[in-house]
Amino acid sequence: MKATSIVEFVRDTYKTDDFIPLHAPTFEGNEKAYVMETIESTFVSSVGKFVDDFERKIEAYTGTAKAVATVNGTAALHAALYMADVQKGDFVITQALTFVATCNALYHMGADPIFLDVSPMNLGLCPKAVDAFLEESAEVTDAGCLHKQTGRRIKAVVPMHTFGHPVELDELVAVCLKWNIALVEDAAESLGSFYKGKHTGTVGDFGAVSFNGNKIITTGGGGMVLCKTQELGMHTKHVTTTAKVAHPYEFFHDEPGFNYRMPNLNAALGCAQMEVIEQYLKQKRRLAERYADFFNGTDFKFVTEPEYAQSNYWLNAVICPDKESREEILVGTNSSGVMTRPIWQLMHRLPMFENTIRGDLSYSEFIEAHLINLPSTPVEIK
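Definitions and limits used
Residues numbered from 1 in each chain as written. Predicted model: local features only at pLDDT ≥ 70, side-chain atom pairs only at ≥ 80, totals over all residues. Heavy atoms only, no water. Phe/Tyr/Trp six-rings, centres within 6.5 Å; stacked < 30°, edge-to-face > 60°. Helix = DSSP H or I, 4+ residues; strand = E, 2+ residues; numbered from the N terminus. Buried < 20%, exposed > 50% of the residue type's maximum accessible area, 1.4 Å probe, protein only. Lys NZ or Arg CZ within 6 Å of the ring centre and 35° of its normal. Right-handed = clockwise from strand over helix to strand, strands pointing away. Pairing = 2+ DSSP bridges. Axes fitted to C-alpha atoms, helices over the stretch in contact; angles between N-to-C directions. Contact = heavy atoms within 4.5 Å. Core = buried A, V, L, I, M, F, W, Y, C linked by side-chain atoms within 4.5 Å. Expected span 1.5 Å × (residues − 1). Salt bridge = Lys/Arg side-chain N within 4 Å of Asp/Glu carboxyl O.

**Student:** Is there a simple way to think about the packing of aromatic side chains in this case?
**Tutor:** Each aromatic ring pair is described using two quantities: the centre-to-centre distance and the angle formed by the ring planes. This structure, assessed with the given rule, holds 15 aromatic pairs. When the ring of F115 is compared with that of F353, the centres are 6.4 Å apart and the planes differ by 85 degrees; the resulting orientation is edge-to-face. With F115 in strand β3 (residues 112–116) and F353 in the loop between β15 (341–342) and α12 (362–370), this pair connects stretches of sequence that are 238 residues apart. With relative accessibility at 0%, the residue F115 sits in the buried group. Its relative accessible area of 2% is what places F353 among the buried residues. Here the aromatic residues F9, Y291, F294, F295, F300 and F302 are joined through ring pairs into a cluster of three or more. Across from the ring centre of F91, 4.0 Å away, lies the NZ or CZ of R152, which sits over that ring. Residue placement shows K244 over the ring face of F251; its charged tip is 5.1 Å from the ring centre.

**Student:** Hey, could you run me through the pairing of strand β7 (residues 182–186) in this one?
**Tutor:** On a regular strand, each side chain points to the face opposite its neighbour's, so the side chains alternate between the two faces of the sheet. In terms of burial, β7 is a largely internal element, five of the five residues being buried. Handedness of the crossover joining strand β6 (residues 154–158) and β7 through helix α7 (residues 169–179) is recorded here as right-handed. As paired strands, β7 and strand β10 (residues 206–210) are joined by three bridges and run parallel to one another. Along β10, the bridge assignment pairs V184 with F206.

**Student:** I would appreciate a short explanation of the sheet that holds strand β1 (residues 66–70) in the present structure.
**Tutor:** Adjacent strands of a sheet pair through backbone hydrogen bonds, lying either parallel or antiparallel. The seven strands lie next to each other as β1-β11-β10-β7-β6-β2-β3, forming an open sheet whose pairing is mixed. A strand with exactly one partner marks an edge of an open sheet, and here the two such strands are β1 and β3. Direction aside, the axes of adjacent strands within the sheet are offset by 25 degrees on average. Examined bridge by bridge, β10 and strand β11 (residues 223–227) share five bridges and lie antiparallel to one another. Considered in β11, the bridge of S210 is made with G223. Helix-sheet contacts for helix α8 (residues 230–240) involve β1, β10 and β11, and the interaxial angle to β1 is about 15 degrees.

**Student:** Hey, could you run me through helix α5 (residues 100–107) in this one?
**Tutor:** Within an α-helix, residues lying three or four positions from one another point in the same direction, as the helix has 3.6 residues per turn. Within α5, the full set of buried residues consists of A101, T102, C103, A105 and L106. Looking at the buried side of α5, the elements it contacts are α4 (73–83), β2 (91–95), β3, β6 and β7.

**Student:** How do you make sense of the side chain of T26 when you look at a structure like this?
**Tutor:** One can find T26 in the loop between α1 (3–14) and α2 (31–41). Here T26 falls in the buried class, since its relative accessible area comes to 13%. If we skip the residues at most four places from it in the chain, T26 touches E31, Q273, Y280, T377 and P378.

**Student:** Honestly, the nonpolar core in this entry has me stumped. Any pointers?
**Tutor:** As a rule of thumb, nonpolar side chains are buried together in soluble globular proteins. In terms of nonpolar packing, the biggest core is built from 29 residues, with F54, I58, L191, F211, I217, M224 and M274 touching the most fellow members. For this core, the elements supplying multiple residues, two or more each, are α2, α3 (49–62), β1, β11, α9 (264–274) and α10 (277–295). When residues of this core are assigned to their parent elements, the largest contribution, six residues, is made by α9. For M274, the contacting residues outside a window of four places in its chain are F54, K57, I58, Y61, L191 and I217. Core analysis: the second largest hydrophobic core is formed by 26 residues, V68, A84, A105 and A182 among them.

**Student:** What is the right way to read α3 from this model?
**Tutor:** Under the 1.5 Å per step criterion, the end-to-end length of α3 is 20 Å for 14 residues, consistent within 8% with the ideal 20 Å. Inspection of α3 places F50, V51, F54, E55, I58, E59, Y61 and T62 among the buried residues, and these make up the whole buried set. Looking at the residues trailing α3, positive phi occurs at G63, about 80 degrees.

**Student:** I tried to follow the pattern of salt bridges on my own but got confused; where do I start?
**Tutor:** Working definition: two side chains of opposite charge can pair if their charged atoms are close together. For the structure on display, the rule yields 15 salt bridges. The salt bridge partner of K15 is D12, with a shortest N-O separation of 3.3 Å. Residue K15 is classed as exposed on the basis of its relative accessible area of 65%. Residue D12 is classed as partly exposed on the basis of its relative accessible area of 40%. R290 is paired through a salt bridge with D12; the nearest N and O atoms lie 2.8 Å apart. Linking R290 in helix α10 with D12 in helix α1, this pair joins segments that are 278 residues apart in sequence. A cluster of three or more residues bridged by salt bridges with shared partners is formed by E55, R56, E59 and K237.

Given below as structure tokens:
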């Protein structure tokens, strides 16, 4: 298959000869009305009704006990890890095949990642790889799960639901319970994805969602911490809003906090987007089906949801038969105004993480060399 065939197919799908981005925001509802209401109220910053409304909408949609809005997805993940008691000097197990934000949150906490392989089933952290690494390298003590060689604590496991496809959460939960490790889901890409009927980000101890401009719904910039209990949620809200104790006029902060508050302006956009999320999910599923049909019978493998899950198909992806065809398609599509991209470089190839502990990454390296993301903006397909 040549790049020209893919370009023709994508242009026919989107019915345009203009530039086709990888994933653009779509505004078809009350976005302008709600944002203008915010401006007219003057409550455009961190105080206003839309922040509370947006948190309630996410709680109702995901089924989480408490949702806490943040300024972006990285802030949400940082807050989730903080609430899971990840501290300076700890190790956190995650996947090398991820966006750098996952590891940036760890870096700025003073924690170090341990990179393990992903599963062919979902492109997310493989529970067998996690358990095998821990069996070989860790021990459970009164101080927690310790890395035997260094004596440092292994505090958390952070799987990322790659492109919206849920990881094997039951298996990861079992591993984390066995080794006394917290499970924090990087659900940045998976709003609208469900694992055995449960929304991603709600199975682990905490979850973190992103509402960046390229996500399935957007607040411009924004994130959300999904908390397992009301108590944890209220503490997370307190910590992310500078830990200020409520008082009519005094300023008193009872613990170190973060100024991670989502502005009301952004939350207004999110409230409008949540009103049409089901429409976007239907459109994205139909788009994924169209891609799957297009690649069927070729030596290109379209990435589909695992059988136990319902994916939001945030970014559509195809695995090329070899590196040469991958490069030809990347060059040919992008030079023709149809945006495609390779997957991220593996995290241990980046200079700040090149000396981290890692296990066998064979499948991650295969995916890095063979996968391409395809245009995934929701579109009406008749």
